[in-house]
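# Chains, contacts and geometry: an overview
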Amino acid sequence: MNFNDIYLMFLLDNDQRKYIGLDPIKSSWDKIVLKGDAYRSESLLYFEDNIIKRQVVSNELEYREYQYNEPTQDREWLLPKTSKGKAKKLTGSVLERRNPIGVYLNVRKDGVFVIGSHTNQKTFYSRDWEFQ
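Residues numbered from 1 in each chain as written. Predicted model: local features only at pLDDT ≥ 70, side-chain atom pairs only at ≥ 80, totals over all residues. Heavy atoms only, no water.

### Digging into the overall build of the chain
To keep it simple, the criterion reads: Under the DSSP-based scheme used, a helix requires at least four consecutive residues in state H or I and a strand at least two consecutive residues in state E, with every element numbered from the N terminus. Atoms considered for the radius of gyration are the C-alpha atoms alone. The globule rule reads 2.2 Å times the number of residues to the power 0.38. Only protein chains enter the area calculation, which uses a 1.4 Å probe; residues under 20% of their type maximum are buried, those over 50% are exposed, and those in between are partly exposed.
If you tally the helices and strands in the chain, you get 2 helices and 9 strands. The order of helices and strands in the chain, counted from the N terminus, is α-β-β-β-β-β-β-α-β-β-β. What you see for the chain is a C-alpha radius of gyration of 15 Å, in line with the 14 Å of a compact globule of 132 residues. Referenced to the eigenvectors of the C-alpha coordinate spread, the extents of the chain come out at roughly 50 × 35 × 30 Å. In the chain, which comprises 132 residues, the share counted as buried stands at 38%.

Laid out in C-alpha cells, this is it:
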C-alpha cells in the first residue's frame, strides 16, 4: 500500500505544526502506510532513511501526530533497543509499545484536544469541549 491509497481526513502543514510546537516534516522524508487492524487505524509513517520519524493518524474520529527516532531494517522490522532483543515485524501494535519522543498532538471528535511532550511528560495544552 502506498501513500495514495490511504484515506486521510486532514494533514497539518509545517506552518501549522510549528504553531503547535511539533517539529516540521522534512520534504526529504519518505511516506509509507502502516496498515491498521481491528484495534488501530491505518496510519502514515515518515521515514528518514530507515528511521521512523513521525506517525500520523487522521480519520473521522481523531488526528494524532507522534514523533519517533526508531531504527528499522528495510522499513519492515523494528530493531531492538538492546543487543539481547530481537527485531519485530513493524505493525501498529509493535510500534505502539515504543515510546514516542518530543511534542505530540491528539485531537478527537469527542472533544479532546491535547498538546504535550512525551520527553518530559508535560501537558502544554489540554481542552475538552462538547459539541452542541
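Further notes follow.
### A closer look at the nonpolar core
Put simply, the rule is: Nonpolar core, defined: a set of buried Ala, Val, Leu, Ile, Met, Phe, Trp, Tyr and Cys residues in which side-chain atoms within 4.5 Å join the residues together. By the convention used here, residues are in contact when the closest approach between their heavy atoms is within 4.5 Å.
Counting 13 residues, the largest nonpolar core has L45, I52, L78, L90 and L95 as its most contacted members. Apart from residues lying up to four places away in sequence, I52 is in contact with L45, Y46, F47, Y68, N69, E70, T72, L78, L90 and L95. In terms of nonpolar packing, the next biggest core, distinct from the first, is built from 12 residues, L22, I25, V56 and I115 among them.

### Considering unusual backbone geometry
In this model, D74 sits at a positive phi of 55°, which is unusual for a non-glycine residue. Among the secondary structure elements, D74 is positioned in the loop between β4 (62-73) and β5 (77-78). Judged by relative accessible area, D74 falls into the exposed class, the value being 54%. Phi is positive for Q121, which is not a glycine, with a value near 55°. In this fold, Q121 is placed in the loop between β8 (112-117) and β9 (122-128).

### Examining the environment of N59
Threshold: Counting of polar contacts relies on pairs of N or O atoms within 3.5 Å, with two restrictions inside protein: one atom must be capable of donating a hydrogen and the other of accepting it, and residues adjacent in sequence are counted only when both atoms are side-chain atoms.
Assignment of secondary structure puts N59 in the loop between β3 (51-58) and β4. Residue classification places N59 among the buried positions, given a relative accessible area of 15%. Separated by 50 residues in the primary sequence, N59 and K109 have C-alpha atoms spaced 9.6 Å apart. Leaving out residues up to four positions away in the same chain, N59 has contacts with M9 and S41. Of the polar contacts made by the side chain of N59, one reaches the side chain of S41; its length is 2.7 Å. A distance of 2.8 Å separates a polar atom in the side chain of N59 from the backbone nitrogen of L61.

### Let's talk about the packing of aromatic side chains
The following threshold applies: To pair, rings of Phe, Tyr and Trp, with the six-membered ring standing in for Trp, must have centres within 6.5 Å; the planes then decide the type, stacked if under 30 degrees apart, edge-to-face if over 60, and tilted in the middle. Any Lys NZ or Arg CZ that is within 6 Å of a ring centre and within 35 degrees of that ring's normal is treated as a charge sitting over the ring.
Summed over the entire model, instances satisfying the criterion amount to 3 aromatic pairs. With a centroid separation of 5.5 Å and 80° between ring planes, the pair formed by F113 and Y125 is classed as edge-to-face. Taken as a pair, F113 in strand β8 and Y125 in strand β9 lie far apart in primary sequence, 12 residues in all. Cation over ring: K89 sits above W77, and NZ or CZ is 5.8 Å from the ring centre.

### Remarks on the environment of R40
Mapped onto the fold, R40 is located in the loop between β1 (30-34) and β2 (43-48). Distance in space between the C-alpha atoms of R40 and V94 is 11 Å, their sequence separation being 54 residues. Look past the residues within four positions of R40 in its chain and what remains in contact with it is G92, S93 and E96. Among the polar contacts made by the side chain of R40, one reaches the side chain of D37 at a distance of 2.7 Å.

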